[in-house]
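Coordinate analysis (summary)
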Amino acid sequence: SVSATTRAPRAGEVDGQHYFFLTDSEFDGLIAAGQMLEYAVVHGKHRYGTPKAPVEAALEAGKLVLLEIDIQGARQVKQAMPEATTVFLAPPSWDELVRRLQGRGTESLEEQAVRLETAKTEMAAQNEFDQVIVNDEVAKCASKVVELMKS
């Protein structure tokens, strides 16, 4: 699915493809209309969420749907749709997580610190998920997710 966010697009991101980039009032409107499957403030800064209609349409068409969401969203989806399978993608180690975040070069040092604090909370909650996959190699991790979806 394509998530919605209130943050500004990063270089190369396309509205409707990478995210639906919304204003705060547009995001509020979707929430008020009951059109968000899940939503949350992420890293204490911007809101992210999953518009409900595209997910419901895909499921009604017999398609599988993959949501890339944080733990707050996963909890909301599991409550709304108990049949959903939740998967936690874990880093191979804390040091590797830090290396990857710093290597991206897309966040300031302050933003990196916030993200790392969030990561500590998220990693502590991985036992809430139905499956845990260690993301040591992207292709291998993706294959495991696809296999789970097929089963």
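Reference entry: report on the structure contained in this document.

Details of the nonpolar core
Core analysis: the biggest nonpolar cluster contains six residues, these being Ile 71, Ala 74, Phe 88, Ala 90, Ala 125 and Phe 129. If you look at the next biggest cluster of nonpolar residues, it comprises five residues, including Val 55, Leu 67, Val 77 and Met 81.

Regarding helix α5 (residues 109-124)
Look at α5: 23 Å from first C-alpha to last across 16 residues, which is about the 22 Å you get at 1.5 Å a residue. For α5, the complete set of buried residues consists of Gln 112, Arg 115, Leu 116 and Ala 119. All buried residues of α5 project into a common sector of 105° when viewed along the axis, lining one side. Exposed residues on α5 whose side chains face more than 90 degrees from its buried face are Glu 110, Thr 121 and Ala 124. Among the structural elements, α4 (94-104) are those in contact with the buried residues of α5.

Here we look at the packing of α4 against α5
Direction vectors running N to C along α4 and α5 enclose 145°, while the axes themselves pass 11 Å from each other. Between α4 and α5 lies a crossing whose hand is right-handed. Between α4 and α5, the residues in contact are Trp 94, Leu 97, Val 98, Leu 101, Gln 102 and Arg 104 and Gln 112, Arg 115, Leu 116, Ala 119, Lys 120 and Met 123, respectively. For the contact of α4 with α5, the per-class residue count stands at seven nonpolar, two polar and three charged.

What counts and what doesn't
Residues numbered from 1 in each chain as written. Predicted model: local features only at pLDDT ≥ 70, side-chain atom pairs only at ≥ 80, totals over all residues. Heavy atoms only, no water. Core = buried A, V, L, I, M, F, W, Y, C linked by side-chain atoms within 4.5 Å. Buried < 20%, exposed > 50% of the residue type's maximum accessible area, 1.4 Å probe, protein only. Helix = DSSP H or I, 4+ residues; strand = E, 2+ residues; numbered from the N terminus. Expected span 1.5 Å × (residues − 1). Arc of directions from axis to C-beta. Contact = heavy atoms within 4.5 Å. Axes fitted to C-alpha atoms, helices over the stretch in contact; angles between N-to-C directions. Left-handed = near helix turned anticlockwise from the far one by under 90°. Nonpolar A, V, L, I, M, F, W, Y, C, P; charged D, E, K, R; others polar.

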